[in-house]
Amino acid sequence: RVPGALVEKVGRTHWVRSLGTGYRDEAVRLARIAAADFERMLLEAEGRSDPADNRRVTPVKLSEPALPVRPEKTFRDLFDLFMADPSRARVRKTDMVYETLFEMAAALWGADRPLRAIDREACRDLLDLLRWLPSNPTKRFPKLTAVQAARMAKAKGLTSTLSPASVNGYLNKLRAMLNFAVREELLERNPAKGLGVVDPVRSRDKRLPFSTEQLRLIFNAPLYRGCVDDWFGYAMPGPNRPRRGRFWVPLLALFAGLRLNEACQLDLADIQVVEGVDCIFVSAGVATPENDKRLKTTSSERYIPIHPTLRQIGFLEFVAERRATGGRKLFPELGMSSTGYYSDPYSKFFRRFLERAGAARPKTCFHSFRHCYRDALREARIEHDIGLALGGWTSAGGKEGAETAASYGRGYRLATLAEAMKRIEYRGLDLTHLI
């Protein structure tokens, strides 16, 4: 506060300065400097000597308006800025994860908590909340907030909490937001850097490939032997053998290594003849408002020659029939969910399908087809780099290494990839009833 006798000369009743830091030691140092500046200003206004340099100064009327002080950004401000960042494009499913993270952190910290007050201790508090948060908390405990549900779970010692992978996933999203704050010069450093939990389960053990027995049960289910229809009657034996998305998607996963969303979102234009080879072009398509395709990584874009078994079952004939209709999608009956992915509705169907077929087993799901495909590549002694190209996997060097490697040469010829595809087989699996 400016002394009343000097208000007219100084031109204000208060002198305000933002220290611009959220760290205590730095704040103490800057506060001392600010106090010295304030004292010097008052001495100048009174026309007295500055005891620090024993100089005489001329009284000056400081009537200039105070410089505007930018209000400090809050956690809510950061979230709004981050979600509106035009340099990033996210699907609705990813946005929903960020929204859930914000709601949980806001319940713990307060949405209007100053950004610079989000320190390491605050991030560790959030980590503790995530570690004890029950799985599916809004469904299991709809009347409790995330903080209340976590405290209840911790007090009762509940074991059905978020998996380490889910906890680390949320922390990765938090780091992304705080990294954005650092880039925007809202924070000096990221207080959540390196924060996470150890996942005791190896990535390769989280999902297992389907056993030969499971594959037999899957491809001998009524959907493949004869059913009422491929929608509500897919599990009931009947005279019909419809061949649409629900029929082809598992086969494409097994014999082309397609991820679930890669298969469900295929356009007719993605089935191409390149260098004289019939193949599937997995891509995100052209960046237009009408485009509805997504890829997991940049290395996912690839050409996959049509496997001989798919030819024998009639995949190319199916494509020709679909083209005759004049549509765009290969499987138009497979709809997209509100999250922006075609895979979500199919994933729910496939879980029911496995149960009705008697093929459901622990640690297996649709992604198990990809594990089968990877094992088949190994069994066929296919060169490692060719296997990566056929499956859209990143090299051992990680994303940066993969991008560097991809910038050299033009990749494998389609004829080379086609020769490799011919060697992929699944011993003990008889699909002659589909030919």
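This structure is a prediction, so every number in the text was calculated from the model and none was measured. (Residues numbered from 1 in each chain as written. Predicted model: local features only at pLDDT ≥ 70, side-chain atom pairs only at ≥ 80, totals over all residues. Heavy atoms only, no water.)

Visitor: Looking at this structure, how should I read the side chain of Thr 74?
Guide: As for its position among the elements, Thr 74 is in the loop between helix 2 (24–46) and helix 3 (75–83). The class for Thr 74 is buried, based on a relative accessible area of 14%. Thr 74 has contacts with Ala 111, Asp 112, Arg 113, Pro 114 and Leu 115, leaving out every residue within four places of it along the chain. (Helix = DSSP H or I, 4+ residues; strand = E, 2+ residues; numbered from the N terminus. Buried < 20%, exposed > 50% of the residue type's maximum accessible area, 1.4 Å probe, protein only. Contact = heavy atoms within 4.5 Å.)

Visitor: Just checking my understanding: could you explain helix 8 (residues 164–183) for this structure?
Guide: For the α-helix, the turn length of 3.6 residues means that residues three or four positions removed from each other point alike. Spanning 20 residues, helix 8 covers 28 Å between terminal C-alpha atoms, matching the ideal 28 Å at 1.5 Å per step. Considered for burial, the residues of helix 8 that qualify are Val 167, Asn 168, Tyr 170, Leu 171, Leu 174, Arg 175, Met 177, Leu 178, Phe 180 and Ala 181. Structurally, helix 8 contributes buried residues whose contacts are with helix 3, helix 4 (92–109) and helix 5 (120–132). Residue Glu 185 follows helix 8 closely and has a positive phi angle near 60°. (Expected span 1.5 Å × (residues − 1).)

Visitor: Quick question: what am I supposed to make of the sheet that holds strand 2 (residues 277–282) here?
Guide: Spatial ordering of the open sheet is given by 1-2-3, a layout of three strands whose pairing is antiparallel. Among the strands making up the open sheet, the edge pair consists of strand 1 (271–274) and strand 3 (302–305). This sheet shows a mean twist of 45° between the axes of neighbouring strands, independent of strand direction. Relative to strand 3, strand 2 runs antiparallel, the two sharing four bridges. Across the sheet, Val 282 pairs through a bridge with Arg 302, a residue of strand 3. (Pairing = 2+ DSSP bridges. Axes fitted to C-alpha atoms, helices over the stretch in contact; angles between N-to-C directions.)

Visitor: So what exactly am I meant to see when it comes to the confidence of the model for the protein here?
Guide: The predicted coordinates ought not to be read in detail in places where the model reports low pLDDT. Averaged over every residue, the pLDDT of the protein is 86; residues scoring 70 or more account for 86%. This stretch, residues 55–64, has a pLDDT under 50; its non-local contacts, to residues over four places away or in other chains, come to 26 contacts. The model gives residues 404–409 a pLDDT under 50, and that stretch makes zero contacts with residues more than four places away or in other chains. (pLDDT = per-residue confidence, 0-100.)

Visitor: What is the right way to look at the pairing of strand 2 in this model?
Guide: Regular strands have side chains that alternate between both faces of the sheet. In terms of residue burial, strand 2 counts as a mostly covered element, since five of its six residues are buried. Relative to strand 2, strand 1 runs antiparallel, the two sharing four bridges. Bridge pairing in strand 2 links Gln 272 to Cys 279. Hairpin remark: strand 1 followed by strand 2, antiparallel, with two residues in the connecting loop; positive phi at Glu 275, about 55°.

Visitor: Would you take a moment to explain unusual backbone geometry for this structure?
Guide: Only a minority of non-glycine residues have a phi that is not negative, and only a minority of peptide bonds are not trans. Non-glycine residue Glu 275 carries a positive phi angle of around 55°. Inspection of the secondary structure puts Glu 275 in the loop between strand 1 and strand 2. For Glu 275, a relative accessible area of 56% translates into the label exposed.

Visitor: It is not clear to me how the environment of Thr 297 should be interpreted in this structure. Could you clarify?
Guide: Take Thr 297: it is sitting in the loop between strand 2 and strand 3. The spacing of Thr 297 and Gly 392 is 95 residues in sequence and 8.4 Å in space, taken between C-alpha atoms. In this structure Thr 297 touches Gly 392 and Thr 394, once residues within four positions along its chain are discounted.

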